[in-house]
Amino acid sequence: MNTTALENLQAAFPDATCKVVLNSVVVEVQPENLENTLGRLKNEQDFNCGLLVDITAIDYLEYPQQQERRFHVVYTLRNWKTNLLVQVRTPVTDAEEGIPTATHLWESANWGEREVYDQYGIHFQGHPDLRRILNHWQFEGHPLRKDYPIEKGQICFDTDRMENAIRARLVKNGVDETTMKDINTEVMFLNIGPSHPATHGAIRLLVALDGETILANVNEVGYLHRGFEKTAEQRTYNQIVPLTDRLNYCSSMMNNIAYVKAVESWLGIEITERAKFMRVVLSEFYRVLDHMVCLAAALVDMGGLTNYWYLYNEKEAAYDFISRLTGARLTSSFTRVGGMYRDFYDGWQDDLEAHIRGLEKGMGDTLKLVDTNRIVHERTQGVCVISAESALSYGMTGPTLRASGVPYDLRKDAPYYNYDSFDFAVPVGSNGDIYDRFMIRFYEMFESIKIIRQALKDIPEGPINVVDSQISLPPKKQVYGNIEGLANHFKLIFEGVKVPQGEWYDSFEAANGELGFHFVSDGSGTPYKLKVRPPCFYTMGAFAKMVEGNMIADAVINLSCINIIGGELDR
Amino acid sequence: MALGLEASLGDTVITTKLNKIVNWGRQYSLWPFVYGTACCAIEFMSTAASQYDISRWGAEVVRFSPRQADLLLVCGTISYKQAPVLKRIYEQMPDPKWVVAMGACASSGGIYDNYCTVQGIDTIIPVDIYISGCPPRPEAVLDALIKIQEQIKGESILEDRHKDFKGILD
């Protein structure tokens, strides 16, 4: 498929250099052609890339091969229908002067470009609101530039008032001075968070209210920015696995799997059948747990504390299985490049089956209280609606996008780990309201359990790691028994798995949506650059669109049903 | 058996030190404010849930207003962006107040030794108890709670414990 995609793209853009990297086509264009290229990729029938997945930049300052331009910006686009993944790369002549913005094409470019500006200091001409997003407003310099020292912290003395941002948003929504006089009440500004029970973490919402109705909303993220990407540049590939635990900490194992999958796909490793099945079983198990935390929290916000106990107690019980398997309750770090850390323990099937039954009971009990509950229906149906078109434009993926009626799921559309051989459905919503986003998680949990049961039947015996001395650690018997084994172990631990030079993007269907990793490797055991494509970040970007025009209390339950996890949102 | 003054007052009156009676009351009715930012907050949820049940130590009344709380539980990483918010919340809490740094990040920055993470919240506010772990198990949170209760027992109600504290934001 990619050869035809490549031919089509090369024919359409004769001036650009096109090449296939893994399952994406990389189109290299000059900055003056960027706007035109992106526009055509979005609007032309042949390409129709409705989803701007991510934007990132690369600083080639210390890269072994000297590049003509220090900075390159990469736009990752996707046509979810034909599974066409395109990366548009462009060199940046002058970071101060910048390159043209893509905000008029996709809404998701707004936050994506702000992040690139914040982290790399590259300007985007014509961006409506180019200010920092992850780092605080008193920060000076751009941390992901290679000449920024990692340990150089900068103290923030005061929080940003965000007054200009909310006023600009009011004007954008058509509320100006005269309307304010016309409506009989004054516009009230209300700040929620960053430490507030409704935010379930550290996010700040600022709303302008007419009575209880939200006229405008702006959000501040980055309170949990922990420098994942900069830290990853200092670690070997396997040392990054524990960092990925802390992205979406409700489903840490899925991050582990997504991360090593991305590394393995570039290395060209086919992992063993048993490892594949283990990853499927564990991903789906964690998907259920992730959705459970989300639903439990959402129901508390809606006033149903009982449901919280029904769901949370089962999740708590499932931790017993996880801690027995991985040694930790929350932060699993269970994968390694080329396979898994350990095999399942003896008798795991019975434990898992018992926990699945427990989870089903918790879900069933909750559904009985929720499914036909009029209060739930009234509070959620037709509230905070987002259309399929807008959801795509904002770069939403996963359950929140499917709730708006777009049946895009990487497990179906770009199957990996034998997902195409499992029998499962992708639940799709019809209205894109809170009710759909909420119920879709219930149905996905049942589908995940279906996959686990099928995988349990078919899981083969065998090794869990590939046999390759450049990738997997040798057996302990060899490490202690002969010098070659010892040297092999030592080199792999200290230097890390050597990954060939190059640049690639690979993605995974995590609980919240498309979790992608964009790597640049300089051939050493440490990534030159690692950018996470966090599903939450773009969903949060659409938050204002969802809540404006609705009531303040709706915003609270909308925030809990889109499952924003700070670790993944801010990295 | 009553001795001294109590013997002459009869069995309806007890005498004690003010410190002792007030601390006894404070000790078993700590109201936590959960400053949850990251993974540790999920483990705090487990501590509060049925299996570990923090109410066995009289600290289940989780408040989300700092003005109603006397135990600040900092669960998770504190970034420089968040530091002024944490400080403000600490200042809003009425005295007496105690602070627990839950987990490696809050205690020392943890694995995040970089440009955006505060290397331990004790550079911003005074901390009474540190919990190790990434994240700590619920038992460790309960252990910290018991240690705070022990500490309260020996405190003076008149003394301001942290009047000399100076953090990076002061």
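Residues numbered from 1 in each chain as written. Chains lettered and ligands numbered in written order. Predicted model: local features only at pLDDT ≥ 70, side-chain atom pairs only at ≥ 80, totals over all residues.

### Here's the deal with the overall build of chain B
Counted only if it meets this: Helix and strand definitions here come from DSSP, where helices need a minimum of 4 consecutive H or I residues and strands a minimum of 2 consecutive E residues; each element is numbered from the N-terminal end. To sort residues by burial, count the other C-beta atoms lying within 10 Å of each one's C-beta; a count of 20 or more means buried, 12 or fewer means exposed, and anything in between means partly exposed. C-beta atoms are built from the backbone. By the convention adopted here, residues make contact when the C-beta atoms placed from their backbones lie within 7 Å.
The helix and strand tally for chain B stands at six helices and four strands. For chain B, the α and β elements follow one another from N to C terminus as α-α-β-α-β-α-β-α-β-α. Dimensions of chain B, computed from C-alpha atoms along their principal axes, come out at roughly 65 × 40 × 25 Å. The buried share of chain B, reckoned over its 170 residues, is 42%. Considering only contacts within chain B whose residues lie at least 6 apart along the sequence, 78% involve residues at least 24 apart.

### Considering the overall build of chain A
Let me state the cut-off plainly: Note on method: radius of gyration uses C-alpha positions; expected globular size equals 2.2 Å times residues raised to 0.38.
When you go through chain A residue by residue, the secondary structure sums to 22 helices and 15 strands. A globule of 571 residues ought to have a C-alpha radius of gyration of about 25 Å, and chain A, at 24 Å, matches this closely. Reported as C-alpha extents along the three principal axes, the dimensions of chain A are approximately 85 × 60 × 50 Å. When burial is assessed residue by residue, chain A has 53% of its 571 residues classed as buried. Within chain A, contacts between residues at least 6 apart in sequence are counted, and of these 68% link residues at least 24 apart.

### Some words on the interface of chain B and chain A
As a reminder, the rule being used: When residues are sorted by character, Ala, Val, Leu, Ile, Met, Phe, Trp, Tyr, Cys and Pro go into the nonpolar class, Asp, Glu, Lys and Arg into the charged class, and all the rest, Gly among them, into the polar class.
Each partner contributes residues to the interface: chain B has 33 residues there, and chain A has 39 residues. Among the secondary structure elements, those contributing two or more residues to the side of chain B that touches chain A are β1 (32-36), α3 (39-48) and α4 (83-92) of chain B. With five residues, the top contributor of residues to the side of chain B that touches chain A is α3(B). Classifying every residue of the side of chain B that touches chain A by side-chain character gives 19 nonpolar, ten polar and four charged.

### Some words on unusual backbone geometry
Of all residues except glycine, most have a negative phi; of all peptide bonds, most are trans. Following B:Asp95, the chain continues to B:Pro96 via a peptide bond in cis, the omega torsion being -5 degrees. Even without glycine at this site, A:Ser333 takes up a positive phi of about 45 degrees. Turning to its location among the elements, A:Ser333 is positioned in the loop between α10 (305-326) and β11 (335-336). The backbone of A:Tyr417 sits at a positive phi, close to 45 degrees, despite the residue not being glycine. With respect to the helices and strands, A:Tyr417 occurs in the loop between α15 (410-413) and α16 (434-458).

### Side note on the packing of helix α9 (residues 273-302) of chain A against α16(A)
Helix-helix packing is described using two parameters, namely the angle between the two axes and the distance between the axes. Residue and element names in this part refer to chain A. Threshold: Every axis in this analysis is a line fitted to C-alpha atoms, fitted for helices over the stretch in contact. Angles between the N-to-C directions lie between 0 and 180 degrees. To sort the angles, those under 35 degrees are grouped as roughly parallel, those over 145 as roughly antiparallel, those from 65 to 115 as roughly perpendicular, and the leftovers as oblique. The handedness criterion is simple: a crossing whose near helix is rotated anticlockwise from the far helix by less than a right angle is left-handed, and one whose near helix is rotated clockwise is right-handed.
Close contact between α9 and α16 brings their axes to 9 Å; oriented N to C, the two are set at 155 degrees. Looking at the two axes, α9 sits roughly antiparallel to α16. For the element pair α9 and α16, the recorded crossing hand is left-handed. Residues Phe-277, Val-280, Val-281, Glu-284, Phe-285, Arg-287, Val-288, His-291, Cys-294, Leu-295 and Ala-298 of α9 form the contact with α16, whose participating residues are Phe-438, Arg-441, Glu-444, Met-445, Ser-448, Ile-449, Ile-451, Ile-452, Ala-455, Leu-456 and Asp-458. Classifying every residue of the contact of α9 with α16 gives 15 nonpolar, two polar and five charged.

### Focus on the sheet that holds β1(B)
All names here are of chain B. Note the cut-off: For two strands to count as paired, DSSP must find a minimum of two bridges between them.
Taken in spatial order, the four strands line up as β1-β2-β3-β4 in an open sheet, and their pairing is parallel. Every other strand in the sheet has two partners, leaving β1 and β4 (129-131) as the edge strands with one partner each. Going across the sheet, the axis of each strand differs from the next one's by a mean of 15 degrees, ignoring polarity. By the bridge criterion, three bridges tie strand β3 (residues 98-102) to β4 in an arrangement that is parallel. From the neighbouring strand, Met-102 faces β4, where its bridge partner is Ile-131. Sitting on the sheet, helix α6 (residues 138-153) is in contact with β2 (71-75), β3 and β4, with an inclination near 170 degrees to β4.

### Observations concerning the sheet that holds strand β14 (residues 513-521) of chain A
Strand pairing in a sheet is mediated by backbone hydrogen bonds. Such pairs are either parallel or antiparallel. All names here are of chain A. Read across the sheet, three strands follow the order β13-β14-β15 without closing on themselves; strand pairing throughout is antiparallel. The open sheet terminates on both sides in strands that have one partner only, identified here as β13 (502-510) and β15 (527-533). When the angles between neighbouring strand axes are averaged without regard to direction, this sheet yields 15 degrees. Summarising the sheet, β14 and β15 pair through six bridges and their orientation is antiparallel. Looking at β15, one finds that Phe-519 is bridged to Leu-530.

### Details of the domain arrangement of chain A
All names here are of chain A. How we decide: Bear in mind that the domain bounds are from an automatic or database domain assignment.
Segmentation of chain A into domains returns domain 1 (2-125) and domain 2 (235-240 + 268-533). Summarising the inter-unit geometry, the C-alpha centres of domain 1 and domain 2 are found 29 Å apart. Each side of the interface is counted separately: domain 1 has 20 residues, and domain 2 has 20 residues. For the side of domain 1 that touches domain 2, the element with the highest residue contribution is strand β3 (residues 51-59), accounting for six residues. Looking at the side of domain 1 that touches domain 2, its residues break down into ten nonpolar, eight polar and two charged.

### Notes on the packing of α16(A) against helix α21 (residues 552-561) of chain A
All names here are of chain A. For the pair α16 and α21, interaxial distance at closest approach is 10 Å and the crossing angle is 30 degrees. For the element pair α16 / α21, the angle class is roughly parallel. For α16 against α21, the interelement crossing comes out left-handed. Contact residues: α16 offers Ile-434, Arg-437 and Phe-438, while α21 offers Ile-557, Asn-558 and Cys-561. For the contact of α16 with α21, the residue count by class is four nonpolar, one polar and one charged.

### Quick notes on the confidence of the model for chain B
Here is the rule: How sure the predictor is of each residue is captured by pLDDT, a score from 0 to 100.
Residues at a pLDDT of 70 or more form 98% of chain B, whose mean pLDDT is 87. Here the prediction assigns the complex a pTM of 0.90, and the interface score ipTM is 0.86.

### A closer look at the environment of A:Ser323
With respect to the helices and strands, A:Ser323 occurs in helix α10. If we ignore the near neighbours within four places in the chain, the residues touching A:Ser323 are A:Ala328 and A:Arg329.

### Structural notes on the nonpolar core
To keep things clear, this is the line we draw: Residues enter a nonpolar core if they are buried, belong to Ala, Val, Leu, Ile, Met, Phe, Trp, Tyr or Cys, and are joined to the set through C-beta atoms within 7 Å.
In this structure, B:Leu73, B:Val74, B:Leu86 and B:Met102 are the most contacted members of the largest nonpolar core, which totals 222 residues. Here the element with the most residues in this core is α9(A); it accounts for 20 residues. Composition of this core by domain shows at least three residues from each of domain 1 (2-125) and domain 2 (235-240 + 268-533) of chain A.

### With respect to the pairing of β3(A)
Residues and elements named next belong to chain A. The buried fraction of β3 is high, at nine of nine residues. Of the pairings in the sheet, the one linking β3 to strand β4 (residues 71-79) comprises eight bridges and is antiparallel in character. Its bridge partner being in β4, Asp-54 is matched across the sheet by Thr-76.

### Digging into helix α4 (residues 163-172) of chain A
Residues and elements named next belong to chain A. Put simply, the rule is: Here, the arc refers to the directions that run from the helix axis to the C-beta atoms.
Those residues of α4 lying buried are Ile-166, Arg-169 and Leu-170. Buried residues of α4, seen end-on, are gathered within an arc of 105 degrees and therefore sit on one face of the element. The exposed residues of α4 that point more than 90 degrees off its buried face are Asn-164, Val-171 and Lys-172. Where α4 terminates, the next one or two residues include Gly-174, which has phi positive at roughly 85 degrees.

### A word on α9(A)
Residues and elements named next belong to chain A. As a reminder, the rule being used: Take the residue count of a helix, subtract one, and multiply by 1.5 Å to get its expected span.
Taking 1.5 Å as the rise per residue, α9 with 30 residues should run 44 Å; its terminal C-alpha atoms sit 43 Å apart, in good agreement. In terms of burial, α9 is a largely internal element, 27 of the 30 residues being buried. Positive phi appears at Gly-303, one or two residues downstream of α9, with a value of about 100 degrees.

### Digging into the environment of A:Leu52
All names here are of chain A. Relative to the elements of secondary structure, Leu-52 occurs in strand β3. Accessibility expressed as a C-beta count within 10 Å gives 26 for Leu-52, which makes it buried. Leu-52 sits 223 residues away from Ala-275 along the chain, and the two C-alpha atoms are 32 Å apart. Those residues in contact with Leu-52 that lie beyond four places of it in its chain are Tyr-75, Leu-77, Ala-102, Trp-106, Ser-108, Ala-109, Gly-112 and Gly-395.

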